[in-house]
2 protein chains.
Amino acid sequence: MTMEEFEGYAYVEGGVCAARGFVANGMNCGINPDKDKNDLGMVCSEAPCNTAAVYTQNKVQGAPITVTKEHLAKSGGVSRAVIVNSKNANTCNVDGIQVAEAVSELTAKELGIPEEQVIVASTGVIGERLAIEPFQAGIPSLAKGLSREGHAEAVKAIMTTDTVEKEVAVQFTLQGKTCTLGGMAKGSGMIHPNMATTLNFITSDVAISSELLQRALDDVVKVTYNCLTVDGDTSTNDMVSVMANGLAGNGEIAEEGMDYQTFRQALYIVMMNMTKMLAADGEGASKFLECTCLGAKDLDTAIAVAKSVVGSDLFKCAMFGEDANCGRVMCAIGYAPADFDIMKVNVMLESKAGSFTACENGMAVPFSEEEAARVLAEDEIYIQVDLQQGDVSAKAWGCDLTYDYVKINGDYRS
Amino acid sequence: MTMEEFEGYAYVEGGVCAARGFVANGMNCGINPDKDKNDLGMVCSEAPCNTAAVYTQNKVQGAPITVTKEHLAKSGGVSRAVIVNSKNANTCNVDGIQVAEAVSELTAKELGIPEEQVIVASTGVIGERLAIEPFQAGIPSLAKGLSREGHAEAVKAIMTTDTVEKEVAVQFTLQGKTCTLGGMAKGSGMIHPNMATTLNFITSDVAISSELLQRALDDVVKVTYNCLTVDGDTSTNDMVSVMANGLAGNGEIAEEGMDYQTFRQALYIVMMNMTKMLAADGEGASKFLECTCLGAKDLDTAIAVAKSVVGSDLFKCAMFGEDANCGRVMCAIGYAPADFDIMKVNVMLESKAGSFTACENGMAVPFSEEEAARVLAEDEIYIQVDLQQGDVSAKAWGCDLTYDYVKINGDYRS
């Protein structure tokens, strides 16, 4: 995955620990019987953080989601730490809330912080009881081992069917101060474009009010994670949190001026890159798909069309088969929930190997099958849909649908 | 697939020719290079038929859809014949309308009927030009060969990735007269629950007004084809038409009394059975899935929940893998677009081999993995979701997601 460059922003290492004052750690505490795989992660800030979050819209909500919402309501949107486990979602369990609260309590006690400043999260199998014992055994040593380098262990702890770690961080300047924003994400299947769509923890040393932090997150999530689809399923445990501890030393951003724009762009760069990583690592994916919808009359139309294309099972299968079945693109554009004139639509498919036009003004146009095969043989396929009825554009990301997706999800619990 | 019995209705042979006065035929006219496969079908009534139809809601509409709508508008909802080809959808083609009109004209001329009484339909690849020559060559002999037995050839002509013919017909009594209603359907992939979802031609000898015929079709389609999902894709060429020629000799049904109810139930039995056949023959399907949602406060809620379960890729994969991952069911119920209390929901999975409860009051309950494996090893799996917050129920149908689905759609055009 190539990282697009943005003027004024430099990519840096360090993920969730790239920003000043953040430490992290990860370990296997025994939830995952495979001792080589981390199943418990922690992130901690040396100073309290203004915190924004978005959560899944599924009616079935993991117990950790409920507890985190309560915590942030009680603390007035201030947090200090994240505790997260994989392999078990702690969802649909009769004692789920008690377990999530006990995990928070252990974390708070070990770090010497108020319990309501703990963000707790879980990912994995739904409907299996989560024992507290592995947390009791693991959290003390997890806390002791917190370090700037610990991001590399923490990111491993949130992986489920993910095949690669997903971390991005950028540096930029605000009022002459060097600021950093970084994060880690997990997600591979059960990723749907109608909410947070993944577990994702973002940290920054910028000083920004809780209100503007939440506004920036809501804006950016709409054009990044919410434009990602791996399958049509909306998870029960999705959450994106952004913690900002203010240690960069800038004056607190409290209104929508230039500083806010600079910060929001940093958040966009990090979240957009993680969105692309999530798409490329979709369960069983062999190809990354990016659809850009141009020429829309408004953002909602552009997003709806772009998502519809990358969300179509039939188109995803065609891309897996490297089959230039352009009717699948037109069909998916046609059922996008938006209002536009289909008879103006142009479609182009593109990759490193070249490009070809598949459709003009709503009608199929002849193309060279040889050229199309060359384009579609690449790992990253870009679909450009030009509605030709406005000047707004949006992107959506996804991946192909493969035998391996079926295989992974035919036997997910084992 | 077992056919449920309904008092007062008897299943009969004959499909689209079961009703009095209908003849049909099918042939290979050269659109499909495989000469063993029929690609052109015709149905004809000896008397004019009141006709109702529903069409795809995709913005991209096959040229035959446009032409059929124009015909029925012009004829005042009266038709005499259906002409339908497979292998090419005649969609997104610059000359699509002219070709569909030429096909209708050839049919009308050969049968000696007005052109606007022809229903024209196509199914197959989108965006490839459809030549008129095979129709010119085929239609005369197709018309000459029309017969009561021809339904068996006609149904073959509409198959694409279908592996079995889909025909159902029933007999029943209205005012002492024996009446018949039957039909044929195609559909395997690109079947989505928000419209007609398939090509489907239904014929009857009942006398019924156009208005009530359309009302019955709209009612029944909502709880049959619109509750079917094989993938999330809404086709560009879907259509259900019902032709009623009145030759049974009953007095025309012109109001919503007992006779209307009797007719509508016949339509339901035929369409419900074809829906189940379509689900069982979903592309690559190894298992038939039926979800019944009980205890809903209204029909829309029950339909939304039942559809959400059978439409979940993750649940479909779990069923393919015979994995009792009941969290997938809860997750899919949770994101159904409806308003209900998730904490009251019970879930049970059932098959010929037995049943087990997976969830009570929104929480997972322990079950025997051995018993669950026995239940899920069967070919037909029934999921019962009891919302416990009303007395309305609905069913939705689908199939598992398999390697073969991916294979079929990775290379659909060849």
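Structural notes, computed from the coordinates.

About the thresholds
- Residues numbered from 1 in each chain as written.
- Chains lettered and ligands numbered in written order.
- Predicted model: local features only at pLDDT ≥ 70, side-chain atom pairs only at ≥ 80, totals over all residues.
- Axes fitted to C-alpha atoms, helices over the stretch in contact; angles between N-to-C directions.
- Helix = DSSP H or I, 4+ residues; strand = E, 2+ residues; numbered from the N terminus.
- Parallel < 35°, antiparallel > 145°, perpendicular 65-115°, else oblique.
- Left-handed = near helix turned anticlockwise from the far one by under 90°.
- Contact = placed C-beta atoms within 7 Å.
- Nonpolar A, V, L, I, M, F, W, Y, C, P; charged D, E, K, R; others polar.
- Expected span 1.5 Å × (residues − 1).
- Buried ≥ 20, exposed ≤ 12 C-beta atoms within 10 Å, placed from the backbone.
- Core = buried A, V, L, I, M, F, W, Y, C linked by C-beta atoms within 7 Å.

Examining the packing of helix H1 (residues 63-74) of chain A against helix H2 (residues 96-111) of chain A
All names here are of chain A.
Stage number 1. At their nearest, the axes of H1 and H2 sit 8 Å apart, and the two run at 55 degrees to each other. Between H1 and H2, the angle falls in the class oblique. Of the two elements, H1 crosses H2, and the hand of that crossing is right-handed. Together, Ala63, Pro64, Thr66, Val67 and His71 of H1 and Gly96, Ile97, Val99, Ala100, Glu101 and Ser104 of H2 make up the contact between the two elements.

With respect to the environment of alanine 18 of chain B
All names here are of chain B.
Stage number 1. Mapped onto the secondary structure, alanine 18 falls in the loop between strand E1 (10-11) and strand E2 (22-27).
Stage number 2. Once the C-alpha coordinates of alanine 18 and serine 312 are considered, the two residues, 294 residues apart in sequence, prove to be 37 Å apart.
Stage number 3. Not counting the four nearest positions on each side in its chain, alanine 18 is found in contact with Val12, Glu13, Ala169, Thr180 and Gly182.

Observations concerning the packing of helix H7 (residues 299-311) of chain B against helix H9 (residues 326-334) of chain B
Residues and elements named next belong to chain B.
Stage number 1. Direction vectors running N to C along H7 and H9 enclose 135 degrees, while the axes themselves pass 8 Å from each other. Our classification of the angle between H7 and H9 gives oblique. Handedness of the crossing formed by H7 with H9: right-handed. Only Val329, Ala332 and Ile333 of H9 make contact with H7, whose side of the interface consists of Val305, Ser308 and Val309.
Stage number 2. In terms of residue class, the contact of H7 with H9 is made up of five nonpolar, one polar and no charged.

A word on helix H6 (residues 258-280) of chain B
Stage number 1. Here H6 of chain B is 23 residues long and its end C-alpha atoms lie 33 Å apart, about the 33 Å a rise of 1.5 Å per residue gives.
Stage number 2. With 17 of 23 residues buried, H6 of chain B is to be regarded as a mostly interior element.

What to know about the nonpolar core
Stage number 1. With 291 residues, the main nonpolar core has Val305 of chain A together with Val305 of chain B as its most contacted residues.
Stage number 2. Those residues in contact with valine 305 of chain B that sit more than four places away from it in its chain are Cys293, Ala296, Ile333, Ala336, Ala338, Val385 and Leu387 of chain B.

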